[in-house]
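Here's the letter readout for the chains.
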Amino acid sequence: MDGFVLAMKYTMKLLKHKAVVATGIYTALAFMFFFSILFGGKSYLSADSNATGSLTAPLAAYHEKTGEMPLWSPYVFCGMPSYGSMMYNGQVYMPGYIFMPISKILPKLFFVLHYIFAGLGVFLFLKRRKIDDFSAFFGGLVFMFMPYMIAMFAHGHGSQMMTAAYLPWMLWSTDRLLEKMSVRNIAISVLIFGFALQRGHIQIFYYGVLLSGLYLMFKVTTERNLKQYAILFVGFGIVLVMALSLAAMVYLPVGEYVPYSIRGGTNIEGEAGVGLKYATEWKIAPKEFLTFLIPSFYGFGGETYHGTMPFTDFPNYAGILVLLLAFAGIFYSIRYKNNNRLLVIFLVSSTLLVILLSFGGSFYKIFYNYFPYWNKFRVPSMLLILSNLNLSILAGLGLHELSKRKIEEKYLWASWAVLILTLLVLFSAGQAIAEKSGLTMPQFSMLHQDAFLNTLFLVSGIILLLFLQYEKVPFYFVATGICIITLIDLWQVDNRIGVRGMEQKAIEQESELVKFFKADTSIFRVFPSGKLFAGNELAEFGIESIGGYHAAKPRLYQDLLEALDKTKPENQESILGMMNAKYRIAIMSDGGVGIYYIRDRLPRAYMVGTYEVETNPKKRLEKMTNGFDFRHKVILSTNLNVSVAPDSTAQAILLKSDYSLNHIRINVSNQKTQFLVLTDGYYPIGWQAYIDGYPVKTYRANHAFCAVCVPGGAKTVEFKYVSKAYRNGWIISIVTLLICLATIAIPERRR
């Protein structure tokens, strides 16, 4: 009994903390929305989520079985770094260790907790700005259920969503630095920025740093305190450097790989980065911002989408009452010059900047050419996550302002006039407009329904504000009503994003195609042709492919693929055979998948006694795609003084048991000096070669693969994946974490 009383006593104390109450409600709502994902054995199904899961499945299994981090993945693109490319870096996110035991029972819980974390971040930021509890809660509620946030998780971009959850916390910690540049506040900021960086989505983190840096610059510049300006920017610089140190175990290997990937490597035309055209494919047209008013204005993604992007899976929508309250926050804060006026000006200015950049035009090109690392990124529309955050904060500020002052009569009448006009257009001329725009009836029906619902939500919200205006009901009643209406509005959009309903076990079932390949015990690759090329499904079952999808594929391999696309069919097979492709799969006329043997296949590792050197990449690829004799000759990319000779007795034997993710062992037998060609991706920073235990140089062979010079009489060639960056990164990260925790734990001296 005493224990129960004590527990209730501490519970009541906790409930006095508004952040605890807000967290509790956020948790309940998140569990309600994701109930079937958390407890119903369901999963979001999408091409991207399946692609990501298929890539990580065999790597996670290897990690669990051996306890060794898989630093290399042979399952796509003839092999690429798995850790350095961020394909798989399990257990590097330090907060994940806290929830690891319960995540084994509820695998998706960790994702859902980040939604709660995102909402709480907005709540605490608004509370720092002296906003009332209900308005601050509303701002957090809006951000955690923004359709963009839900779409990230639903379509397989979990790291993107979890990094985005840190955005409000990055603003919150920057605001603390502005208030007091103390060692403790720096340490807190380092943990927030560092954990966001560990979460693994560099682009979202970069945008968060951009927003936080602009906020800091704006605040200091408007206060015109040059001394404080210098101190704050030194402090902010320390935060960024230490945050990078906290995430060093992720980004030192990433930094090694970037020059070898399409994100940082130079193509055969001498262009670095992903290329402006490729980078801006998913830019958003100005007219598509109408989806912020009506989510299905340009369809709802998938087959119904009829906008300007190649495709999309969700609309950029934020909630109709959210927009209304955001505009109210802007209007009243600037007109009455309240304490948050400068914050509002910053939020509006940064939102306009983000919108301009999301167009992907000339303004974006300036950033692409001159901002550090900007040319490594793609999808300009991704910047809109910042506008979603800003709208959430502005909506909280707007609700707070309306709780303090009366709305002028003329604005109320203007609101009603806009509503009536919208209804008249919707129900009288809507179908004619739809036909003129070329909309199909399903598209028009969706648009009509969403417009009607948004009108209903808007009318309900304005009626509640009228009750508040004439003091008919207390503010907390109005705020609760607006929260409920907005929640219904966002959830009816969120529930249309992604597909739930297939149980996890159904995803893991093997197809007949997979069974066929698994029955073959040799070492081989599969060439998926046509539409099958970009799929990762085979990787899930440990079947190695020439194709696949990854956002940072090896640069050299991409060059080879582009050359292969232009190669005459009669010459394609010799290149595929050199790449150890044993089977080609293609979609047949009846919709099934056909399997075809590739006759001229070479082993994964083979010996040649002749070589030639071609330093020009264009000429090298031209030779390779015009009937090059790969079986007897190798083409190298650098000049060397080595004498080799044909040897009919030479052979290389690679057993499946000797081929693992981080170590390859090949038995060789040759009387004369030969080149051993290994058709795994060339990556000299990671793969170190040894002949009979002695280290030797690795050469780039056939543009994208490996070769070593093997003297006569050698017995064994080994390739070991060794990453000093991985080892050193962990040391730096752990030391940085301990410094931050010690700094926070030690009480600051009182002045």
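Residues numbered from 1 in each chain as written. Predicted model: local features only at pLDDT ≥ 70, side-chain atom pairs only at ≥ 80, totals over all residues. Heavy atoms only, no water.

For this particular structure, what's the right way to read the sheet that holds strand S12 (residues 663-669)?
Backbone-to-backbone hydrogen bonds pair the strands of a sheet. The strands run either parallel or antiparallel. Reading across the sheet, the five strands line up as S11-S12-S18-S14-S15 and stay open at both edges, with antiparallel pairing between neighbours. Since the sheet does not close on itself, it has two edges, and those belong to strand S11 (651-653) and strand S15 (694-696), each with one partner. When the angles between neighbouring strand axes are averaged without regard to direction, this sheet yields 30 degrees. Taken together, the five bridges between strand S14 (residues 687-691) and strand S18 (residues 716-721) define a ladder with antiparallel strand orientation. Its bridge partner being in S18, tryptophan 687 is matched across the sheet by tyrosine 721. (Pairing = 2+ DSSP bridges. Helix = DSSP H or I, 4+ residues; strand = E, 2+ residues; numbered from the N terminus. Axes fitted to C-alpha atoms, helices over the stretch in contact; angles between N-to-C directions.)

Help me understand the pairing of strand S6 (residues 581-587) in this model?
Strand residues, when the strand is regular, have side chains that alternate between the two faces of the sheet. Among the seven residues that make up S6, five are buried, leaving the element largely enclosed by the rest of the structure. Two strands pair when backbone bridges link them, and strand S5 (residues 525-528) and S6 are joined in this way by four bridges, in the parallel orientation. For arginine 525, the partnering residue across the bridge sits in S6 and is alanine 581. Bridge analysis of S6 against strand S7 (residues 593-597) gives five bridges, and the strand direction is antiparallel. (Buried < 20%, exposed > 50% of the residue type's maximum accessible area, 1.4 Å probe, protein only.)

How should the packing of helix H16 (residues 320-335) against helix H19 (residues 384-404) be read in this particular structure?
Packed helices, taken two at a time, are described by the angle their axes make and the gap between the axes. Where H16 meets H19, the axes come as close as 7 Å, and the angle between the chain directions of the two elements is 65 degrees. By the angle between their directions, the pair H16 and H19 is classed as roughly perpendicular. Relative to H19, the crossing made by H16 is left-handed. Every residue of H19 that contacts H16 at Val322, Leu323, Leu325, Ala326, Ala328, Gly329, Ile330, Tyr332 and Ser333 is listed here: Leu391, Leu394, Ala395, Leu397, Gly398, Leu399, Glu401 and Leu402. A per-class count over the contact of H16 with H19 returns 13 nonpolar, three polar and one charged. (Parallel < 35°, antiparallel > 145°, perpendicular 65-115°, else oblique. Left-handed = near helix turned anticlockwise from the far one by under 90°. Contact = heavy atoms within 4.5 Å. Nonpolar A, V, L, I, M, F, W, Y, C, P; charged D, E, K, R; others polar.)

Please clarify how helix H28 (residues 724-745) should be interpreted in this entry.
Its 22 residues place the ends of H28 32 Å apart at the C-alpha level, agreeing with the 32 Å of an ideal helix rising 1.5 Å per residue. Within the sequence span of H28, burial applies to Ala725, Gly729, Trp730, Ser733, Thr736, Leu737 and Cys740. Projected down its long axis, H28 carries its buried residues within an arc of 140 degrees, all on one side. Facing away from the buried side of H28 by more than 90 degrees, the exposed set consists of Lys724, Arg727, Ile731, Leu738 and Ala745. (Expected span 1.5 Å × (residues − 1). Arc of directions from axis to C-beta.)

I keep staring at the pattern of salt bridges and nothing clicks. Help me out?
For side chains of opposite charge, pairing can occur when their charged atoms come near one another. According to the stated counting rule, one finds 18 salt bridges in the structure shown. Its salt-bridge partner being arginine 128, residue glutamate 179 comes within 3.2 Å of it at the nearest N-O pair. Of this pair, glutamate 179 sits in helix H10 (residues 167-179) while arginine 128 sits in helix H6 (residues 109-128); the two residues are 51 residues apart in sequence, bridging distant segments of the chain. Taking the relative accessible area as the measure of exposure, arginine 128 reaches 22% and is therefore partly exposed. Across the pair arginine 631 and aspartate 600 runs a salt bridge, and its minimum N-O distance is 3.1 Å. Residue arginine 631 is found in the loop between helix H27 (617-624) and strand S10 (633-636), and its partner aspartate 600 is found in the loop between S7 and strand S8 (605-608); the two are separated by 31 residues along the sequence. Under the relative-accessibility criterion, aspartate 600 is labelled partly exposed at 38%. One salt-bridge network, held together by shared partners, links Arg128, Arg129, Asp175 and Glu179. (Salt bridge = Lys/Arg side-chain N within 4 Å of Asp/Glu carboxyl O.)

As far as function goes, none of this settles anything; it's purely spatial.
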